[in-house]
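Now for the letters of each chain:
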Amino acid sequence: MSVPYETAAYEPAESPESPEEHLARLLGRALNSFELPDEVIRRLDCALAHDSCLLSAHHSAGLHRETYRHTWLLADGSPVTLWELVHNTAPGGDAQHEVYVDEEELYAATSRLPLPPEAPDFELPALTPLWAIPEPRHVYAPDDSADHARRLLRRAENPDRPGEETAALLATAAAHQITQAFGRRGRPARAGLSFALYEHAFLLPDGREISLWEVEHTATPDGRHMCEVYATEDAAREAVDRRAARQS
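Cut-offs and rules
- Numbers given to residues run from 1 along each chain, matching the order in which its sequence is written.
- Under the rules for a predicted model, residues below a pLDDT of 70 receive no local features and side-chain atom pairs below 80 are neither given nor counted, while totals for whole chains, interfaces and linings still include all residues.
- Hydrogen atoms and water are omitted, and side-chain values are computed over all heavy atoms in the structure.
- Exposure categories follow from relative accessible area, calculated using a 1.4 Å probe and restricted to protein chains: below 20% of the type maximum is buried, above 50% is exposed, and the middle band is partly exposed.
- Every helix listed is a DSSP run of H or I at least four residues long, and every strand listed is a run of E at least two residues long, numbered separately from the N terminus.
- The arc in question is formed by the directions pointing from the helix axis toward the C-beta atoms.
- Here, strands pair whenever DSSP counts at least two bridges between them.
- Salt bridge criterion: a side-chain nitrogen from Lys or Arg within 4 Å of a carboxyl oxygen from Asp or Glu.
- With axes taken as lines fitted to C-alpha atoms, and helix axes fitted only over the stretch in contact, angles between N-to-C directions fall between 0 and 180 degrees.
- For this analysis, residues touch if any pair of their heavy atoms sits within 4.5 Å.
- What is meant by a nonpolar core is a set of buried Ala, Val, Leu, Ile, Met, Phe, Trp, Tyr and Cys residues, joined one to another through side-chain atoms within 4.5 Å.
- Residues form patches when they are more than 30% accessible in relative terms and have no salt bridge. Like charges link within 9 Å. Nonpolar side chains (Val, Leu, Ile, Met, Phe, Trp, Tyr) link within 5 Å.
- The accessible surface values rely on the Shrake-Rupley method and a 1.4 Å probe; as for residues, cover is taken only from the protein chains in view.
- Counted as positive: Lys and Arg. Counted as negative: Asp and Glu. His and the chain ends are not counted at all.
- In this description, the location of a charge corresponds to atom NZ of lysine, CZ of arginine, CG of aspartate or CD of glutamate.

### Notes on helix α1 (residues 19-29)
Step number 1: For α1, the set of buried residues is Pro19, His22, Leu23 and Leu26. Down the axis, α1 shows its buried residues gathered within 95 degrees of arc, on one side only.

Next comes the structure, spelled out in structure tokens:
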């Protein structure tokens, strides 16, 4: 019989197997790994996290086959997937591993297996895995991101800035992006004052995205530039409104 599975085995940063080790083990056991495009392998060199999901299995008359989906999260927030077929239908009955770059190739390879007639046609089931890589909100650049987070928090002058827990989390940041936030203008500021709001988005090794919101303004007694950092956009915009209200 053929049984679909919806079991995901997410291996976060603390897993004993890194994304590079997982890829090396997969390629090392696959008989056709030499057929994979070099471009795919190069992209996987910068993977930050990985996920393995058993899709389906067939066991009948001493023969078996399983199909797996292996997904890696890259530093730019995009995923790359390889599909693995495991079966013992070759002469000798030893387990054979094959790997493919897309579902169609996996389907074609599975359909060629000499499985008993009662084996149904192979179809990839619709899955909701326990862990799924979300669509990234940002285009990240891996550029000393942990140090950028440290310097950003260090120059923040507001007492309610994010604390040690956030700093420790961002010490592992692998990539980041800075964008200026616009819209939702609050109370008009007095002439001569300037306010700017920036989102500093960080990508962590486990695929999570964390943002810090920086307010730069001149609403200070001596008119100097001041930096404040907040954990949410709402908190940052409220700070801008408060500063503008005091100076209006």
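Further notes follow.
### A closer look at the pairing of strand β2 (residues 47-60)
Step number 1: Burial analysis of β2 places 13 of its 14 residues in the buried class, the great majority of the element.
Step number 2: In terms of strand pairing, β2 meets strand β3 (residues 63-74) through twelve bridges, oriented antiparallel. Within β3, the residue paired with Ala57 across the bridge is Glu66.
Step number 3: With antiparallel pairing between neighbouring strands as the criterion, β2 and β3 make up a hairpin whose turn holds two residues, including Ala61 at a positive phi of roughly 55 degrees.

### Thoughts on the pattern of salt bridges
Step number 1: The final tally for this structure, using the stated rule, is seven salt bridges.
Step number 2: As a salt-bridge pair, Arg29 and Glu84 come within 2.8 Å of each other at their nearest N and O atoms. Taken together, the residues span a long stretch of sequence, with Arg29 in helix α1 and Glu84 in strand β4 (residues 79-87) at a distance of 55 residues.
Step number 3: Of the residues examined, Arg29 reaches a relative accessible area of 24% and is grouped as partly exposed.
Step number 4: Judged by its relative accessible area of 2%, Glu84 falls in the buried class.
Step number 5: Overlapping salt bridges bring together Asp147, Arg150 and Arg151 as one network.

### With respect to the sheet that holds strand β7 (residues 195-203)
Step number 1: Taken in spatial order, the four strands line up as β6-β7-β8-β9 in an open sheet, and their pairing is antiparallel. Since the sheet does not close on itself, it has two edges, and those belong to β6 (175-181) and β9 (226-230), each with one partner. When strand polarity is set aside, the average angle formed by the axes of neighbouring strands in this sheet is 25 degrees.
Step number 2: Bridge count for β7 against strand β8 (residues 209-217) is nine bridges, and the pairing is antiparallel. Directly across from His200, in β8, lies its bridge partner Leu212.
Step number 3: Lying on the sheet, helix α4 (residues 145-155) is in contact with β6, β7, β8 and β9; it crosses β7 at an angle near 145 degrees.

### Describing the environment of Pro37
Step number 1: Tracing the sequence through the fold places Pro37 in the loop between α1 and α2 (38-44).
Step number 2: Separated by 64 residues in sequence, Pro37 and Val101 have C-alpha atoms that sit 8.6 Å apart.

### Notes on the nonpolar core
Soluble globular proteins tend to bury their nonpolar side chains together.
Step number 1: If you look at the biggest cluster of nonpolar residues, it comprises twelve residues: Leu23, Leu26, Ala30, Leu36, Val40, Leu44, Ala47, Trp72, Leu74, Val80, Leu82 and Val99.
Step number 2: Setting aside residues up to four positions removed in sequence, Leu23 forms contacts with Leu44, Trp72 and Leu82.
Step number 3: Of all hydrophobic cores here, the second largest spans eleven residues; its members include Leu170, Phe202, Leu204 and Leu212.

### Some details on the environment of Glu20
Step number 1: One can find Glu20 in helix α1.
Step number 2: Among the residues examined, Glu20 registers a relative accessible area of 41% and is labelled partly exposed.
Step number 3: Apart from the residues within four sequence positions on either side, Glu20 is in contact with Asp45 and Ala47.

### Quick word on a negative patch on the surface
Step number 1: The grouping of Glu35, Asp102, Glu103, Glu104 and Glu105 at the surface amounts to a negative patch.
Step number 2: Relative to the helices and strands, Asp102 resides in the loop between β5 (96-100) and α3 (103-111).
Step number 3: On the accessibility criterion, Asp102 (31% relative accessible area) is partly exposed.

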